[in-house]
Number of protein chains: 2
Amino acid sequence: MELRQNIKIAVDAIVFGYKENSLNVLLIKQKFGVLKDQWALVGGFVKDGETLSTAVNRELAEEAGIKVSYLEQLYTFGDDVNRDPRFQVISVAYFALVNSTKLVVKADTDAEDAQWFPMHNLPQLAFDHSVILEAAKQRLKNKLSYQPIGFDLLPKEFLFSELENLYCTILEKEIDRRNFRKKILSFGIVEETEKFGSKKNGRPAKLFKFNKLKYNKLTKEGFLFDIYFA
Amino acid sequence: MELRQNIKIAVDAIVFGYKENSLNVLLIKQKFGVLKDQWALVGGFVKDGETLSTAVNRELAEEAGIKVSYLEQLYTFGDDVNRDPRFQVISVAYFALVNSTKLVVKADTDAEDAQWFPMHNLPQLAFDHSVILEAAKQRLKNKLSYQPIGFDLLPKEFLFSELENLYCTILEKEIDRRNFRKKILSFGIVEETEKFGSKKNGRPAKLFKFNKLKYNKLTKEGFLFDIYFA
DNA sequence: CTTATAAGCGTATCTTTTACGCAAAGCTAA
DNA sequence: TTAGCTTTGCGTAAAAGATACGCTTATAAG
């Protein structure tokens, strides 16, 4: 069977980080090509013989030198034939989370610059990347309520107030501190440590950690993580 | 910029129908090619200059001659480089629902045969299509609980018992008839008609219909469809 | 020592879910 | 005609869960 097809296939990654009450996205500025001097999502073309997952991970390494803590396919963008001015490109977008509190991104081989931008202060983006980003933001908002992915944005050990602020920030909602704590603790998947975190004022707070193993076990038994707040 | 890429891109559609307490999938058997005499999902390669949506709709028309009542992108399968023995193919899978109660599929131009198969009695499928189908089944199960897509599988006017059976069948759960009715009605998006449906025995039941406009309006106001049953 | 600030615990109230009971309306068969 | 079966449709009590707060505790700053 002969098949001529001139459509190109690319992968893009929306990498979210969270630091000091701000949700951030990782963007890059490329050295070469049409993207030169434009901020864009991490991404690039899939190589022959490469899987989609391999391609995203490669791009994440090449362009930003990071390892993400969560990665899932988001959506495949291919309903605008001219989303790329060069040729017809279909892009499989991936949704990624990293614990960016201690993370420093380094512009690697391909990228001139890699930088975190707060979601409420984004630069102009290349192509249809702002559309993709918007879809990712929505996914993050939704998923936060029914999957414990918030922990992937925090360090291994965190304060309850940090977790709470993360939810408030991303969901753009006020949440009652006490009820939030009660609900999260009721699941039995977040555990107290012996350590204390440091804050300027107020009563010192214990550090907590997410027990992923227990979460996985409970999930198999039918447990559903669910923290919807009106 | 020169770019050599020999990856092909295809679309596949998982079309679900519901009839007489059975969830069914639409499968086709092709006239030509490697797929000859094998049951497979509706699908094919994307043409140059064509969008993904256009491609699926074209395939749905060409291979089965149907118009679906619901269509959304499911997932893009490209993590197995050898999912197609001929060459590397990335497939964007779509999830579709049709009201199949009165629908007769006709094998159109490309397909030798198009047929509904009950989910609990499937033939061997080509390629990795059983994996794709499994993902679609999962999507259907999940989505049923937080989006009113069940109505897309039923005729415009339906009995409450039909809706209830649809939920029981797909979710593979027992649901209390009375509580189910109460909950659905409490949303105010399903309305009573003057007509009655016919059943062999028992008290005659009113026909109901889904008010999509009202649902859309409520959704904008923050309403969340949600019918989880333990 | 006082004040400010955040952490942590508890509880009354309101809402929702769950588990059923039971009458109504039709069909069938004696 | 009527007894029996079946499905529909409505209601309600009890259990569970969500919500709105009050109050104490532990630390730092002044």
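The full set close to DNA strand D counts 21 residues, and Arg178(A), Asn179(A), Ser161(B), Arg178(B) and Lys182(B) are the nearest of them. When the atoms of DNA strand D within 4 Å of the protein are grouped by moiety, sugar and phosphate amount to 50% of the total. Side-chain polar atom of Lys182(B) to a base oxygen of DNA strand D: 2.6 Å apart, as the coordinates give it. Looking at the surface near DNA strand D, the elements with two or more residues in it are helix H4 (177-187) of chain A together with helix H4 (177-187) and strand S10 (205-210) of chain B.

Chain B puts 31 residues into the contact, and the matching count from chain A is 31 residues. Across the chain B/chain A interface, buried area totals approximately 2800 Å², and carbon plus sulfur atoms make up 53% of it. Along the contact surface separating chain B from chain A lie zero salt bridges. At the surface where chain B touches chain A, the tally comes to 17 residue pairs in polar contact (both at pLDDT 80 or more). The dominant element in the side of chain B that touches chain A, judged by the number of residues it contributes, is strand S5 (residues 70-77) of chain B, at four residues. Class assignment for the residues of the side of chain B that touches chain A results in 15 nonpolar, nine polar and seven charged.

Next up on the list: the packing of aromatic side chains. Counted under the stated rule, the structure contains 28 aromatic pairs over all chains. Seen from their ring centres, Trp39(B) and Phe117(B) are 4.8 Å apart, and the 75° between their planes marks the pair as edge-to-face. Separated by 78 residues along the polypeptide, Trp39(B) in strand S3 (residues 39-40) and Phe117(B) in strand S7 (residues 111-118) bring together distant segments of the chain. On the basis of relative accessibility, which here comes to 12%, the residue Trp39(B) falls in the buried class. Relative to Phe210(B), the ring of Phe151(B) has its centre 4.2 Å away and its plane inclined at 5°; by these criteria the two rings are stacked. In this pair, Phe151(B) is assigned in the loop between helix H2 (129-146) and strand S8 (157-159) and Phe210(B) in strand S10, connecting sequence segments 59 residues apart. Each residue in the set Phe151(A), Phe158(A), Phe187(A), Phe210(A), Tyr215(A), Phe223(A) and Phe225(A) is aromatic and connected to the rest through ring pairs, giving one cluster.

A separate point is the side chain of Arg58(B). Residues and elements named next belong to chain B. Along the chain, Arg 58 falls in helix H1 (residues 52-64). A polar atom in the side chain of Arg 58 sits 3.1 Å from the side chain of Glu 59. Once residues within four sequence positions are removed from consideration, Arg 58 is found in contact with Phe 45, Val 46, Lys 47 and Glu 50.

Of the transformation placing chain B onto chain A, the axial shift is 0.0 Å and the rotation is 180°, giving an RMSD of 0.0 Å. Such a combination of turn and shift is consistent with a two-fold rotation axis.

What follows deals with the pattern of salt bridges. Close approach of charged atoms lets side chains of opposite charge pair. Residues and elements named next belong to chain A. Tallying each qualifying case throughout the model produces 22 salt bridges over all chains. Between Arg 83 and Asp 128 there is a salt bridge whose closest N-O contact spans 2.7 Å. Of this pair, Arg 83 sits in the loop between strand S5 (70-77) and strand S6 (89-97) while Asp 128 sits in the loop between strand S7 (111-118) and helix H2 (129-146), and the two are 45 residues apart along the sequence. Of the two residues, Arg 83 and Asp 128, neither departs from the other in class, the shared state being buried. Overlapping salt bridges bring together Glu 50, Arg 58, Glu 59 and Glu 62 as one network.

Let us look at the environment of Leu35(A). Within the element layout of this structure, Leu35(A) appears in the loop between strand S2 (22-30) and strand S3 (39-40). Discounting chain neighbours no more than four positions away, the residues touching Leu35(A) are Gln30(A), Ala40(A), Ala126(A) and Phe127(A).

In the vicinity of DNA strand C, 21 residues are found, and the nearest of them are Arg177(A), Arg178(A), Lys182(A), Arg178(B) and Asn179(B). For DNA strand C, the backbone portion of the atoms within 4 Å of the protein, that is sugar and phosphate, comes to 51%. A distance of 2.5 Å is found between a base oxygen of DNA strand C and a side-chain nitrogen or oxygen belonging to Lys182(A). Arg178(B) places a polar side-chain atom, nitrogen or oxygen, 2.7 Å from a base nitrogen of DNA strand C. At the level of secondary structure, the elements contributing two or more residues to the surface near DNA strand C comprise H4 and strand S10 (205-210) of chain A together with H4 of chain B.

Residue and element names in this part refer to chain B. Counting buried residues in S5 gives six out of eight residues, a clear majority hidden from the surface. Pairing geometry for S5 and strand S6 (residues 89-97), over seven bridges, is antiparallel. Paired with Leu 71 across the two strands is Ala 96, which belongs to S6.

A side-chain oxygen of the first residue of helix H5 (residues 212-220) of chain A lies 3.3 Å from the backbone nitrogen of Leu213(A); this N-cap is Asn211(A). Of the residues flanking the end of H5(A), it is Gly222(A), one or two places downstream, whose phi is positive at about 105°.

Residues and elements named next belong to chain A. Locating Ser 100 in the fold gives a position in the loop between S6 and S7. Judged by relative accessible area, Ser 100 falls into the buried class, the value being 3%. Each C-alpha atom of the pair Ser 100 and Leu 154 lies 7.7 Å from the other, and the pair is 54 residues apart in sequence.

The next subject is unusual backbone geometry. Despite not being glycine, Phe127(A) shows a phi value in the positive range, around 50°. One can find Phe127(A) in the loop between S7 and H2. Look at Phe127(A) and you get partly exposed, because its relative accessible area is 28%. Of note, the phi angle at Asn21(B) is positive, near 60°, even though the residue is not glycine. Structurally, the position occupied by Asn21(B) is in the loop between strand S1 (8-19) and strand S2 (22-30). Judged by relative accessible area, Asn21(B) falls into the partly exposed class, the value being 46%.

Criteria and cut-off values
Residues numbered from 1 in each chain as written. Chains lettered and ligands numbered in written order. Predicted model: local features only at pLDDT ≥ 70, side-chain atom pairs only at ≥ 80, totals over all residues. Heavy atoms only, no water. Near = heavy atom within 4 Å. Polar contact = N/O pair within 3.5 Å; in protein donor to acceptor, adjacent residues only side chain to side chain. Helix = DSSP H or I, 4+ residues; strand = E, 2+ residues; numbered from the N terminus. Contact = heavy atoms within 4.5 Å. Buried area = accessible area lost by both parts, 1.4 Å probe. Salt bridge = Lys/Arg side-chain N within 4 Å of Asp/Glu carboxyl O. Nonpolar A, V, L, I, M, F, W, Y, C, P; charged D, E, K, R; others polar. Phe/Tyr/Trp six-rings, centres within 6.5 Å; stacked < 30°, edge-to-face > 60°. Buried < 20%, exposed > 50% of the residue type's maximum accessible area, 1.4 Å probe, protein only. Least-squares fit on C-alpha atoms with pLDDT ≥ 70 in both. Pairing = 2+ DSSP bridges.

So far we have only geometry, and geometry alone does not tell us how the molecule works.
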